[in-house]
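Geometric and topological summary
Next come the chains, spelled out residue by residue.
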Amino acid sequence: MDLGLRGHVALVLGSSSGIGHACALELAREGARVMLCARDEERLRRAAASLHEAGIEPAYVKTQVADVTQADAIAALPKRAYAAFGKVDILVTNAGGPKAGRFEELTPEDFEASVQLNLMSAIRATRAFIPRMVEQGWGRIVHLTSVSIRQPIDDLTVSNTVRSAFLGFTRSLATEYARHNVLVHNVCPGYTRTERLRHLEEHLSQTRGCTAAEVRAEWETMIPAGRLAAPEEIAGLVAFLCSERASYLTGTTICVDGGLARGIP
Ligand code: NDP
């Protein structure tokens, strides 16, 4: 299936590793020009190099250092992206994960930090890019959140709390912008093999006094598919939602979780 992404430009936040990186690669494989964004310049450089090694033309890949918790860094992104590629049609919001822990281990500041990192970053980036999408009559926005939006996860109280805000945010955007052909979605990964998950494994093995392998085995038992996701399995859905093939779809919240979330949406 041709996703019709050739000629489009995508900005993927938090894309030097993990799920964000897989999304950038998948969009580029489908013919989009991509701008990768994260805080660490060297990791970004390596991420861009890995796209080149995967066969993506170097001219199709740009990088931009930005800390998405900083309002001015996000405000500067459109100018940089338009200078590099002339436009941005696709915005994928993403960042690092919130602090893990049960409520008794957390402070109000941990929640506040995640509001900035995981929620306000997406709101600010949407605010920065949506006017031009409206002007050009074509836009796709995908917020990468978490399966915790549908099914709270033990020991991830901050994520369970902050992610839910995307249900209302994305639905509101979808209603307001569909007539402008700007379509908005939440994609919610389940347990996915990335650096973030390795840190979570270590955190839980320490707090529970077991091995990382035991933590992983427990997750795999809970997941109907019986295994963790590969980042590319999340990226495939993101690329589809950003494509011409998803032109009459907006406001969805889709878990890519191997069947983990049991609730009926
Ligand atoms: P990774 O840690 O592998 O990647 C996170 C990416 O975001 C990196 O490129 C990192 O680069 C960048 N990043 C982190 N903080 C910032 C910041 N302040 N500004 C800009 N970029 C930033 O994480 P994952 O890919 O695993 O996770 C991505 C998101 O998906 C997280 O929010 C996570 O909670 C969520 N998620 C992950 C799941 C999983 O199982 N992996 C499951 C459910 C949700 P740098 O540090 O250089 O800035």
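Keep in mind that what you see is a predicted model, and the values were worked out from it rather than measured.

Considerations on the domain arrangement of the protein chain
Think of interface size as the accessible area that goes away when the parts come together; that is how it is often given. Domain annotation of the protein chain identifies domain 1 (9–190 + 234–255) and domain 2 (193–228). Here domain 1 and domain 2 have C-alpha centroids that lie 25 Å from each other. The interface of domain 1 with domain 2 comprises 11 residues on the first partner and eight residues on the second. With both sides pooled, the region where domain 1 packs onto domain 2 buries about 640 Å², and carbon together with sulfur makes up 54% of that total. A salt bridge links Arg-208 to Asp-155; the shortest N-O distance between them is 2.9 Å. Between the two partners, domain 1 and domain 2, sit three residue pairs in polar contact (both at pLDDT 80 or more).

Digging into the pairing of strand β5 (residues 139–144)
Burial analysis of β5 places six of its six residues in the buried class, which makes it a mostly covered element. Neither face of β5 is open: one carries Gly-139, Ile-141 and His-143, the other Arg-140, Val-142 and Leu-144, and all of them are buried. Strand direction decides the pairing type here: strand β4 (residues 90–93) and β5, joined by four bridges, are parallel. Within β5, the position partnered with Leu-91 by the bridge is Ile-141. Two strands pair when backbone bridges link them, and β5 and strand β6 (residues 182–189) are joined in this way by six bridges, in the parallel orientation. Its bridge partner being in β6, Ile-141 is matched across the sheet by Val-184.

Side note on the site of the ligand
As a matter of local geometry, the ligand sits amid 32 residues, with Ser-16, Arg-39, Arg-163, Thr-192 and Thr-194 nearest to it. The separation between an oxygen atom of the ligand and a polar side-chain atom of Arg-39 is 2.8 Å. Asp-67 places a side-chain nitrogen or oxygen 2.9 Å from a nitrogen atom of the ligand. Contact with the protein chains covers 92% of the free accessible surface of the ligand, which is 880 Å². For the shell around the ligand, the secondary structure elements donating two or more residues are α1 (18–29), α5 (108–136) and α8 (195–208). The leading source of residues in the shell around the ligand is α8, at three residues. Classifying every residue of the shell around the ligand by side-chain character gives 10 nonpolar, 15 polar and seven charged.

The rules behind these values
Residues numbered from 1 in each chain as written. Predicted model: local features only at pLDDT ≥ 70, side-chain atom pairs only at ≥ 80, totals over all residues. Heavy atoms only, no water. Domains from an automatic or database assignment. Contact = heavy atoms within 4.5 Å. Buried area = accessible area lost by both parts, 1.4 Å probe. Salt bridge = Lys/Arg side-chain N within 4 Å of Asp/Glu carboxyl O. Polar contact = N/O pair within 3.5 Å; in protein donor to acceptor, adjacent residues only side chain to side chain. Buried < 20%, exposed > 50% of the residue type's maximum accessible area, 1.4 Å probe, protein only. Helix = DSSP H or I, 4+ residues; strand = E, 2+ residues; numbered from the N terminus. Pairing = 2+ DSSP bridges. Near = heavy atom within 4 Å. Areas by Shrake-Rupley, 256 points an atom, 1.4 Å probe, with all protein chains shown as cover. Nonpolar A, V, L, I, M, F, W, Y, C, P; charged D, E, K, R; others polar.

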